[in-house]
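# Coordinate inspection notes
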Amino acid sequence: MKNIYPSNFDIHLFHEGKLYEAYRTFGAHIHEINEYIITTFCVWAPNAKEVKVIGSFNDWDGQSYEMERLNDGGIWFLSVPRSLDGEMYKYEIVSLSGERLVKTDPFATYTERRPNTSGIIRRERPFLWNDDEWLHSCQMQKVYDKPLFIYEVHFGTWKIKGKEVFYTYKELGDTLVPYLVKHGFTHVELMPLTEHPFDRSWGYQGTGYYAPTSRYGTPEELKYFVNQCHVQNIGVILDWVPGHFCKDAHGLSRFDGSFLYEYETEGDRENYTWGTANFNLHRNEVKSFLISNARYWIEEFHLDGFRIDAVANILYWPNRGELVANNGGIEFLRELNKAVFEYKPNALMMAEDSTDWPLVTAPTHYGGLGFNYKWNMGWMNDFLKYMETPYEERKNVHHLLTFSLLYAFSENYVLPLSHDEVVHGKKSLLDKMPGDYWQKVCST
């Protein structure tokens, strides 16, 4: 019979920060081996004294579902000799101090719709992709050979049916994609789709990194959306947040009673601006978790790349009074880009970086961070200031439009007009402009 336990080599790579397909080892998986069907669970919890699997299949009582600790590094494993397809589950963890925690699986690939938070065990469901032509064209064409025209969208607010009644991934595949084609976009950038508890966070405070949010439907429905985009020659970029995560009790925060996924020191851990916790990017197992996550989205959902959110929060320590480089964060970004490009050479890796860090889009072997594009935040701010200026005064501020030409070729830039400049009463581009509607439109 096939060995269902994690291999010693995979365990070694995980602790080395080099297991880039950790989702195949960790989480809940259903195996069919000859006439046997087995469900396995694997989780990393080094500070745990005891771990049990609880769920709808055992009345949330893990008495007979104790996990086995496999090594000193804190990997726990359990096999159940039957299919648990469709069942809900969590981990019940007792820390070394005796604290009892109930946690959603960090590697859960599907979860209940908020406000519920359990993972849902899912047998692999085949999806009939027909985007071979798109994938082949991406392999043959370099990313710099054609212009990019990217539409940034939040699935929950692009269109709504009513209060908290969202369009599904499938419905968006049938409505949003024709809109993109009609307006000539080459790519769509999806604001974060990792599972998150709060609608108004727009996904930037995530809890389930491997679970497409169930607000809009199932993983298969998301695949349908991506497939529809590719069939219509639209690339798909995911807004991805590897710098910080939501601190809700069921998630990654103090996962096994210790500061496991986050930094131990409060000043490094706490992201006071967003009320989140910063990932400990010095910890090898966290690197395996995050880099595997990027690979997972590309492999499972055929994504074409990522816009990496808040790169400045990764490059620098957040609360040290001055800009101090975070060497662990820098190395993480380089390893991330190398791992993604090894798997998908023509992926789009875009840094949302508001700093003047050099060589963001230079290859790692030249000392760069390894991205192939960087958002030009300076251009965006200058352009918006120009558009807000009264028409009769614009002759005095043309430098706002020309200044970026002085550094335009220092990086591979994308010129963005992002959601950050619309939220919290900042208004749309048209509303920022002076005058009445006729003047706004005709002045452009």
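Here's a quick rundown of the structure.

### Concerning the overall build of the protein
Within the protein, the secondary structure is distributed over 13 helices and 22 strands. The globule rule puts the C-alpha radius of gyration for 444 residues at 22 Å, and the 23 Å found for the protein is close to it. Each of the 444 residues in the protein was classed as buried or not, and the buried ones make up 56%. Expressed as a percentage of contacts within the protein between residues at least 6 apart in sequence, the contacts between residues at least 24 apart total 71%. Carbon together with sulfur atoms contributes 51% to the accessible area of the protein, which is approximately 20300 Å² in total. Averaged over its 44 positive side-chain charges, the protein has a centre that lies 3 Å from the centre of its 60 negative ones.

### Structural notes on helix α10 (residues 377-388)
Over its twelve residues, α10 extends 17 Å from the first C-alpha to the last, a length consistent with the 16 Å expected when each residue adds 1.5 Å. Considered for burial, the residues of α10 that qualify are M377, W379, M380, D382, F383, L384, Y386 and M387. For α10, the side-chain oxygen to backbone nitrogen distance between the N-cap and G378 is 3.3 Å, and the N-cap itself is N376.

### As for the packing of helix α5 (residues 219-231) against helix α7 (residues 284-301)
Taken N-terminus to C-terminus, the directions of α5 and α7 make an angle of 75°; their axes are 10 Å apart at the nearest point. It follows from the interaxial angle that α5 and α7 lie roughly perpendicular. For the pair α5 and α7, the contacting residues are P219, L222, K223 and V226 in the first and W297, E300 and F301 in the second. Looking at the contact of α5 with α7, its residues break down into five nonpolar, no polar and two charged.

### A few points about a nonpolar patch on the surface
Taken together, the side chains of L430, Y437 and V441 present a nonpolar region at the surface, about 280 Å² in accessible area. Within the secondary structure layout, V441 lies in helix α13 (residues 437-443).

### So, the pairing of strand β20 (residues 348-351)
Looking along a regular strand, one sees side chains alternate from face to face of the sheet. Side-chain alternation along β20 places L348 and M350 on one buried face and M349 and A351 on a second face that is also buried. Of the pairings in the sheet, the one linking strand β19 (residues 305-308) to β20 comprises four bridges and is parallel in character. Across the sheet, the residue bridging to R307 is M350, located in β20. Pairing of β20 with strand β21 (residues 373-375), which is carried by two bridges, proceeds in the parallel orientation. Looking at the pairing, M350 lines up with Y373 of β21.

### What about the sheet that holds strand β17 (residues 270-271)?
Strands belonging to one sheet form pairs held by backbone hydrogen bonds; the direction of such a pair is parallel or antiparallel. Pairing within the open sheet is antiparallel, and its three strands lie in the order β16-β18-β17. A strand with exactly one partner marks an edge of an open sheet, and here the two such strands are β16 (244-245) and β17. Of the pairings in the sheet, the one linking β17 to strand β18 (residues 276-278) comprises two bridges and is antiparallel in character. Each residue of the ladder has a partner; that of E270, found in β18, is A277.

### Some words on the sheet that holds strand β4 (residues 68-69)
Pairing in this open sheet of four strands is antiparallel, and the strands run β1-β2-β5-β4 from one edge to the other. Only two strands of the sheet have a single neighbouring strand rather than two, namely β1 (27-33) and β4. In this sheet, strand β2 (residues 36-44) lies alongside β1 in antiparallel orientation, the contact comprising seven bridges. Residue pairing across strands places I33 opposite Y36, the latter belonging to β2.

### So, the environment of V153
Mapped onto the secondary structure, V153 falls in strand β9 (residues 150-153). Separated by 64 residues in sequence, V153 and G217 have C-alpha atoms that sit 17 Å apart. Setting aside residues no more than four positions away along its own chain, V153 makes contact with W158, L176, V188, E189, L190 and M191.

### Notes on helix α9 (residues 327-343)
An α-helical turn contains 3.6 residues, so a residue and the one three or four places further along point in the same direction. For α9, with 17 residues, the first-to-last C-alpha span of 25 Å sits near the 24 Å given by 1.5 Å per residue. On its buried face, α9 is in contact with β15 (235-240), α7, β19, α8 (312-315) and β20. The distance from a side-chain oxygen at the start of α9 to the backbone nitrogen of G328 is 3.1 Å, and the residue carrying that oxygen is N326.

### Observations regarding the pairing of β2
Burial of β2 is extensive: seven of the nine residues sit out of reach of the surface. In sequence, β1 turns back onto β2 through a hairpin of two residues, with N34 there showing a positive phi of about 55°. As paired strands, β2 and strand β5 (residues 75-80) are joined by six bridges and run antiparallel to one another. By the bridge assignment for β5, W44 is matched with I75.

### Observations concerning the state of the cysteines
Here the structure, examined in full by the defined rule, presents zero disulfides. Cysteine C138 is unpaired, with the sulfur of C229 as its nearest cysteine sulfur at 12 Å.

What counts as what
- Residues numbered from 1 in each chain as written.
- Predicted model: local features only at pLDDT ≥ 70, side-chain atom pairs only at ≥ 80, totals over all residues.
- Heavy atoms only, no water.
- Helix = DSSP H or I, 4+ residues; strand = E, 2+ residues; numbered from the N terminus.
- Rg over C-alpha atoms; globule rule 2.2 N^0.38 Å.
- Buried < 20%, exposed > 50% of the residue type's maximum accessible area, 1.4 Å probe, protein only.
- Contact = heavy atoms within 4.5 Å.
- Areas by Shrake-Rupley, 256 points an atom, 1.4 Å probe, with all protein chains shown as cover.
- Lys, Arg positive; Asp, Glu negative; His and termini not counted.
- Charge placed at Lys NZ, Arg CZ, Asp CG, Glu CD.
- Expected span 1.5 Å × (residues − 1).
- Polar contact = N/O pair within 3.5 Å; in protein donor to acceptor, adjacent residues only side chain to side chain.
- Axes fitted to C-alpha atoms, helices over the stretch in contact; angles between N-to-C directions.
- Parallel < 35°, antiparallel > 145°, perpendicular 65-115°, else oblique.
- Nonpolar A, V, L, I, M, F, W, Y, C, P; charged D, E, K, R; others polar.
- Patch = residues over 30% accessible without salt bridge, like charges linked within 9 Å, V, L, I, M, F, W, Y side chains within 5 Å.
- Salt bridge = Lys/Arg side-chain N within 4 Å of Asp/Glu carboxyl O.
- Pairing = 2+ DSSP bridges.
- Disulfide = S-S within 2.5 Å.

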